[in-house]
Amino acid sequence: MQTDQSVQASQPVKTSRSVQISQAERTSQPARTSRLTRVELQQRPTASMSRRYLVARVGDFSMRLPRRGLIATLGIALAALAGAFAMLLIGDYPMSPAQVFGSLLGVGEDALASYFVTELRLPRAITALAVGAALGLSGGIFQSISNNPLGSPDVIGFTTGSATGALIAIIVIGGGPATTASGALIGGFATAIVVYLLAWRQGLTGTRLVLVGIGTAAVLSGLNSLLITRASLDAAQTAAQWLAGSLNASTSVEAWLVTGCLGVLVPSALVLGRPLRMLTFGDDIAIGAGVATERVRLWLVVIGVCLVSVATAAAGPIAFVALAAPQLAARLSRAEIGLGSSALMGAFLVVASDIVAQRLFAPTQLPVGVVTGALGGIYLIWLLAMQWRRRTA
């Protein structure tokens with residue numbers, strides 16, 4: 001009896017223990033499931049990010065590059081180079097690719113072809129690439145600073161200020177190309193100083209910069225019209241031709257001068273690329289990340305004004321390239337505005353527009369600014385319509 005009682009007494013204990021174990025297993029199963037779910041959720045974005053980004057490593061330095069943005073940037077660069085090579089082929093004296101390569105390498109047998117390539121078409125192609133890159137990069141800088149797609153140097157008055165300085169050099173001083181280029185540089189910097197000081201209110205905001213720049217551009221545009229109407233006939237014709245923005249008279253001196261300036265300004269802008277991206281998130285976040293916001297913004301304004309002034313001095317005011325290039329490049333890469341892609345898109349737009357300007361009414365060559373102005377007006381209408389739809393949606 002004692003043995004049976006002990007067995008009966010121990011049986012409930014064993015049963016309760018098994019019940020406790022089964023309950024513990026059931027309660028631990030959701031915990032393991034939720035933990036596995038968390039691990040899977042952490043791994044899925046990582047796999048997705050690995051498909052969207054490429055990681056470049058050089059020693060201890062690594063950089064994450066968006067795959068689509070990299071492909072889009074390479075595509076734009078190839079398109080710009082292809083357009084520049086097409087500029088060497090087409091013209092009133094058509095050439096084959098073999099003749100162009102022979103002229104570039106100095107082994108061409110056709111002396112006339114070598115003259116056209118090296119003395120006329122190559123300087124024009126290099127100038128188109130350099131001017132377009134300068135305008136596109138300048139537009140990317142100012143649109144990022146103002147955080148506004150309308151924050152372009154040809155909208156906020158810097159291009160118009162460069163044109164005013166050049167017109168004063170042409171009409172009032174009566175100088176040559178060097179004086180005109182110097183006047184464009186001085187006019188661009190003077191306009192930038194005025195706009196910056198008027199827009200400064202314990203800091204610089206994008207909306208205030210755009211509004212002050214638009215007002216300044218309107219005043220300077222009226223001054224430009226007054227200068228032309230008061231000028232002599234010869235000076236007025238020269239000024240009107242320069243204001244159209246043309247690459248027809250590009251020489252090797254202008255080509256290498258603009259390229260040399262880009263060799264200094266482009267690396268300076270790219271060095272400030274990361275602080276510029278932080279500025280797009282707001283001053284508070286940028287300051288928290290260790291960015292000296294006002295100092296970085298001032299240096300970026302100086303670099304942007306130098307870029308647009310050099311481009312304007314070399315080819316005249318070419319409208320809407322700085323406005324459209326950053327936005328088109330950003331839409332192709334489906335990312336924020338990038339300085340490199342903006343510069344390449346600007347180069348492609350100027351090269352493509354110049355090809356159209358040369359061949360649309362051949363043998364008569366149009367100024368490239370006429371083509372960019374026509375296409376840019378359509379783009380501006382589309383951009384404003386898109387902004388209006390986003391606000392009303």
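Residues numbered from 1 in each chain as written. Predicted model: local features only at pLDDT ≥ 70, side-chain atom pairs only at ≥ 80, totals over all residues. Heavy atoms only, no water.

Moving on: the overall build of the protein. Counting secondary structure elements, the protein contains 15 helices and two strands. Within the protein, buried positions represent 40% of all 393 residues. Restricting to contacts in the protein with at least 6 residues of sequence separation, those with at least 24 account for 70%. Total accessible area on the protein is roughly 21,300 Å²; 65% of this is exposed by carbon and sulfur atoms. (Helix = DSSP H or I, 4+ residues; strand = E, 2+ residues; numbered from the N terminus. Buried < 20%, exposed > 50% of the residue type's maximum accessible area, 1.4 Å probe, protein only. Contact = heavy atoms within 4.5 Å. Areas by Shrake-Rupley, 256 points an atom, 1.4 Å probe, with all protein chains shown as cover.)

Right, let's get into helix α8 (residues 233–243). All of the buried residues in α8 are A235, A236, A239 and W242. Considered in projection along α8, the buried side chains sweep an arc of 130° and stay on one side of the axis. When the buried face of α8 is taken as reference, the exposed residues oriented beyond 90 degrees from it are L233, D234 and Q241. The secondary structure elements touched by the buried residues of α8 are α5 (158–173), α6 (177–199), α7 (206–230) and α12 (293–315). Downstream of α8 by one or two residues, G245 has phi in the positive range, about 75°. (Arc of directions from axis to C-beta.)

Another point: the pattern of salt bridges. Close approach of charged atoms lets side chains of opposite charge pair. Under the counting rule described, the total for this entry stands at two salt bridges. Taking the shortest distance from any N to any O, the salt bridge between R359 and D92 comes out at 3.7 Å. Pair noted here: R359 is in helix α14 (residues 339–359) and D92 is in the loop between α2 (67–89) and α3 (97–105), with a separation of 267 residues, a long-range link. With a shortest N-O distance of 2.9 Å, D354 and R124 are connected by a salt bridge. You can see D354 sitting in helix α14 and its partner R124 sitting in helix α4 (residues 111–146), a full 230 residues away along the chain. (Salt bridge = Lys/Arg side-chain N within 4 Å of Asp/Glu carboxyl O.)

Put simply, α6 and α7 touch, their axes get as near as 9 Å, and they point 135° apart. On the basis of their axis angle, the class for α6 and α7 is oblique. In the packing of α6 onto α7, the handedness of the crossing is right-handed. In this structure, α6 contributes T191, V195, L198 and A199 to the contact, and α7 contributes R208, L209, V212, G213, T216 and L220. A class-by-class count of the residues in the contact of α6 with α7 yields six nonpolar, three polar and one charged. (Axes fitted to C-alpha atoms, helices over the stretch in contact; angles between N-to-C directions. Parallel < 35°, antiparallel > 145°, perpendicular 65-115°, else oblique. Left-handed = near helix turned anticlockwise from the far one by under 90°. Nonpolar A, V, L, I, M, F, W, Y, C, P; charged D, E, K, R; others polar.)

By size, the foremost hydrophobic cluster in this structure holds 62 residues, and its most contacted members are V131, L135, I141, F158, L300 and L307. Top element by residues in this core is α4. It accounts for 13 residues. Once you skip the residues sitting within four places of it in the chain, L300 turns out to touch I141, I145, L272, L276 and L279. Of all hydrophobic cores here, the second largest spans 14 residues; its members include A163, A166, L227 and W242. (Core = buried A, V, L, I, M, F, W, Y, C linked by side-chain atoms within 4.5 Å.)

Taken together, the side chains of L185, F189, L298, W299 and V302 present a nonpolar region at the surface, about 430 Å² in accessible area. With three residues, α12 is the single largest residue contributor to the nonpolar patch. (Patch = residues over 30% accessible without salt bridge, like charges linked within 9 Å, V, L, I, M, F, W, Y side chains within 5 Å.)

Moving on, we get to the state of the cysteines. In the structure shown here, the tally under the stated rule is zero disulfides. With no disulfide partner, C261 has as its closest neighbouring cysteine sulfur the one in C306, 8.5 Å distant. Classification of C261 as partly exposed rests on a relative accessible area of 24%. (Disulfide = S-S within 2.5 Å.)

Our focus in this paragraph is the packing of aromatic side chains. By the definition in use, this model includes five aromatic pairs. Between Y93 and F116, the aromatic rings sit 5.3 Å apart at their centres with planes inclined by 20°, giving stacked as the arrangement. Pair noted here: Y93 is in the loop between α2 and α3 and F116 is in helix α4, with a separation of 23 residues, a long-range link. The class for Y93 is partly exposed, based on a relative accessible area of 25%. Assessed through its relative accessible area of 23%, F116 is described here as partly exposed. On the numbers, 6.1 Å between centres and 25° between planes, the contact of Y196 with W200 is stacked. The structure contains a cluster of three or more aromatic residues connected by ring pairs, namely Y93, Y115 and F116. (Phe/Tyr/Trp six-rings, centres within 6.5 Å; stacked < 30°, edge-to-face > 60°.)

Mapped onto the elements of the fold, L223 is located in helix α7. Taking C-alpha positions, L223 is 9.8 Å from L167, a pair spaced 56 residues apart along the chain.

Once that is clear, we can look at the confidence of the model for the protein. Within the protein, residue pLDDT values average 79, and 83% of them lie at 70 or more. When mean pLDDT is compared element by element in the protein, α14 scores highest at 91, while helix α1 (residues 2–52) scores lowest at 45. In the predicted structure, residues 1–45 sits below a pLDDT of 50 and forms zero contacts with residues beyond four places in sequence or in another chain. (pLDDT = per-residue confidence, 0-100.)

Moving on, we get to the environment of D92. Judged by its relative accessible area of 59%, D92 is exposed. Along the primary structure D92 and A362 are separated by 270 residues, whereas in three dimensions their C-alpha atoms are 8.3 Å apart. Those residues in contact with D92, other than ones at most four positions away along the chain, are R121, R359 and P363.

So, on to the environment of A236. Note that A236 resides in helix α8. In this structure A236 comes out as buried when scored by relative accessible area, which is 16%. For the pair formed by A236 and I171, sequence separation is 65 residues and the distance between their alpha carbons is 7.4 Å. Aside from chain neighbours lying at most four places away, what touches A236 is I228 and A231.

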